Amino acid sequence: MIIEHLHIEASSYCNARCPGCPRNGYGYPLEGFFKEKNLGVEQLHQLLNTYKDVRKILYCGNHGDPMMNPNIAEMSAMDNIKVEIATNGGIGKVETYRELATKKGTRIIFGIDGLEDTNHLYRQGVNWDKLISRVKAFTEAGGDAVWQFIKFQHNMHQEEEARKLSQSLGFNKFVVRDEGRNDMPAIQPDKSISHWILPPDKDATPREFDVDEYLKMRYEPYDLPEESYKGTKITCDTIVNNSVYVDSSGEIYPCCYHGFGHIDRPKVHLESFEELRSTWDSDSCNKVCAETCGTRRQD
């Protein structure tokens, strides 16, 4: 397979505590789950020497924010390769955003989920003023910016106001997403639940939740019951986009779903891709493939 698209975790460091991110437990800081590391410039060059047909790079990790990598501007200086950087926008030097604006073919996708009074409810730890100063530094220097707005109950009434603000700030595109990062508590370092992240439904309500039991489950893996995925049709991004995922250590996986590891989701490296693929039409379809990229066939 010819690889044309690299999905790269430039950094596994992050300034935020988004409840839906696997780097933490619904916002609670987990320890020992992964190594914090920045991908090196030389490692990137080695990747490009290996995959010489790459046309696009997406810097968007499983655990971190690419703007935490001090070399992100240098890593975005590409000839004939489009670069997209997904960030919460609240971190990184202002000068770096201005420099990135001058890189031909570079786009920044800012994850901004609401306005000043709501963005921090999901993007915990992101300072609004710092975010806006970096947005302005990028757009006023001519950068190609996208506002990505994930809808929740707490911000769904602000969609149009946010869209108008995006236009006044110089964004070229406003994208609304509703992707299941909801129905979860925001757990603080003291194990208290400060608020709930609920789906964009005015009638949605919090549910009973045992913080200690949840954290025990995250720290102490247990055997889950076997589940059959017979009859599941897989639409694989690796194949559709001719892509691979690279984590901040430089290790290569078929996709990001197989690259972060979890209690019931062990890492699977790229060399095992054909083994994964061989399960798709069997009675024992790979669990990760089935749950992330699968649809059940109708008998």
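This text goes with the structure placed above it.
For clarity, every value in this text was computed on a predicted model and none was experimentally measured.

Definitions and limits used
- Residues numbered from 1 in each chain as written.
- Predicted model: local features only at pLDDT ≥ 70, side-chain atom pairs only at ≥ 80, totals over all residues.
- Heavy atoms only, no water.
- Helix = DSSP H or I, 4+ residues; strand = E, 2+ residues; numbered from the N terminus.
- Phe/Tyr/Trp six-rings, centres within 6.5 Å; stacked < 30°, edge-to-face > 60°.
- Buried < 20%, exposed > 50% of the residue type's maximum accessible area, 1.4 Å probe, protein only.
- Arc of directions from axis to C-beta.
- Contact = heavy atoms within 4.5 Å.
- Polar contact = N/O pair within 3.5 Å; in protein donor to acceptor, adjacent residues only side chain to side chain.
- Patch = residues over 30% accessible without salt bridge, like charges linked within 9 Å, V, L, I, M, F, W, Y side chains within 5 Å.
- Areas by Shrake-Rupley, 256 points an atom, 1.4 Å probe, with all protein chains shown as cover.
- Salt bridge = Lys/Arg side-chain N within 4 Å of Asp/Glu carboxyl O.
- Lys, Arg positive; Asp, Glu negative; His and termini not counted.
- Charge placed at Lys NZ, Arg CZ, Asp CG, Glu CD.
- Core = buried A, V, L, I, M, F, W, Y, C linked by side-chain atoms within 4.5 Å.
- Axes fitted to C-alpha atoms, helices over the stretch in contact; angles between N-to-C directions.
- Parallel < 35°, antiparallel > 145°, perpendicular 65-115°, else oblique.
- Left-handed = near helix turned anticlockwise from the far one by under 90°.
- Pairing = 2+ DSSP bridges.

Chemist: For this particular structure, what's the right way to read unusual backbone geometry?
Modeler: Residues other than glycine seldom take positive phi values, yet Lys 191 does so here, at roughly 75°. In this fold, Lys 191 is placed in the loop between strand S9 (184-187) and strand S10 (193-197). Notably, Asn 242 is not glycine yet its phi reads approximately 50°, a positive angle. Position of Asn 242 among the secondary structure elements: in the loop between helix H7 (237-240) and strand S12 (243-246).

Chemist: Is there a simple way to think about the packing of aromatic side chains in this case?
Modeler: Any pair of aromatic rings gets described here by the distance separating the centres and the angle formed by the planes. This structure, assessed with the given rule, holds 13 aromatic pairs. Between Phe 110 and Phe 171, the aromatic rings sit 5.7 Å apart at their centres with planes inclined by 85°, giving edge-to-face as the arrangement. Taken together, the residues span a long stretch of sequence, with Phe 110 in strand S6 (residues 106-111) and Phe 171 in the loop between helix H5 (159-168) and strand S8 (173-177) at a distance of 61 residues. In this structure, Phe 110 and Phe 171 share a single accessibility class: buried.

Chemist: Help me understand helix H6 (residues 211-219), please; the structure alone is not making it clear to me.
Modeler: For an α-helix, the turn length of 3.6 residues means that residues three or four places apart are oriented alike. Buried within H6 are the following residues: Val 211, Tyr 214, Leu 215 and Arg 218. The buried residues of H6 occupy an angular sector of 95° when projected down its axis, which confines them to one face. Residues of H6 that are buried in the fold lie against strand S2 (24-25), strand S3 (28-29), S9 and S10. Where H6 begins, the capping side chain belongs to Asp 210, and its oxygen is found 3.2 Å from the backbone nitrogen of Asp 212.

Chemist: So what exactly am I meant to see when it comes to a negative patch on the surface here?
Modeler: Together, Glu 116, Asp 117, Asp 129 and Glu 161 make up a negatively charged patch on the protein surface. Mapped onto the secondary structure, Glu 116 falls in the loop between S6 and helix H3 (119-122).

Chemist: Would you mind going over the nonpolar core with me for this structure?
Modeler: Grouped together as the largest cluster of nonpolar side chains are 60 residues, with contacts concentrated most on Leu 6, Ile 8, Ile 57, Tyr 59 and Phe 110. Element by element, the count of residues in this core is highest for helix H4 (residues 128-140), at 6 residues. Discounting chain neighbours no more than four positions away, the residues touching Tyr 59 are Ile 8, Ala 10, Leu 44, Pro 66, Ile 72, Met 75, Ser 76, Met 78, Val 83, Glu 84, Ile 85 and Ala 86.

Chemist: Would you mind showing me how to read the packing of helix H2 (residues 94-101) against H4 here?
Modeler: Helix-helix packing is described using two parameters, namely the angle between the two axes and the distance between the axes. Relative to each other, H2 and H4 sit at 30°, their axes nearing to 7 Å. In this view, H2 runs roughly parallel relative to H4, as classed from their interaxial angle. By crossing handedness, the relation of H2 to H4 is classed as right-handed. Where H2 abuts H4, its residues Val 94, Tyr 97, Arg 98, Leu 100 and Ala 101 lie against Ser 133, Arg 134, Ala 137 and Phe 138.

Chemist: I keep staring at the sheet that holds strand S1 (residues 5-8) and nothing clicks. Help me out?
Modeler: The pairing of strands in a sheet happens through backbone hydrogen bonds and is either parallel or antiparallel. Strand order in the open sheet formed by 8 strands is S8-S7-S6-S5-S4-S1-S12-S13, and the pairing between neighbours is mixed. Both outer strands of the open sheet, S8 and strand S13 (252-253), are each paired with one neighbouring strand and no more. Pairing analysis gives 5 bridges linking strand S5 (residues 82-87) to S6, with the strands arranged parallel. Bridge assignment links Thr 87 to a residue of S6, and that residue is Phe 110. Along the sheet face, H2 touches S5 and S6 and points at about 135° away from the line of S6.

Chemist: Just to check I follow, could you spell out the pattern of salt bridges for this structure?
Modeler: Where charged atoms of side chains with opposite charge meet at close range, the side chains can pair. This model, assessed by the stated rule, comprises 15 salt bridges. In this structure, Glu 4 and Arg 55 form a salt bridge, with 3.8 Å as the shortest nitrogen-oxygen distance. In this pair, Glu 4 is assigned in the segment before S1 and Arg 55 in the loop between helix H1 (41-50) and strand S4 (56-59), connecting sequence segments 51 residues apart. The exposure class assigned to Glu 4 is partly exposed, which follows from its relative accessible area of 23%. With a closest N to O distance of 3.5 Å, Asp 212 and Lys 191 form a salt bridge. Of this pair, Asp 212 sits in helix H6 while Lys 191 sits in the loop between S9 and S10, and the two are 21 residues apart along the sequence. When its relative accessible area of 38% is taken as the criterion, Lys 191 is described as partly exposed. Counted as one network, the salt bridges with shared partners bring together Lys 56, Glu 84, Arg 107 and Asp 144.

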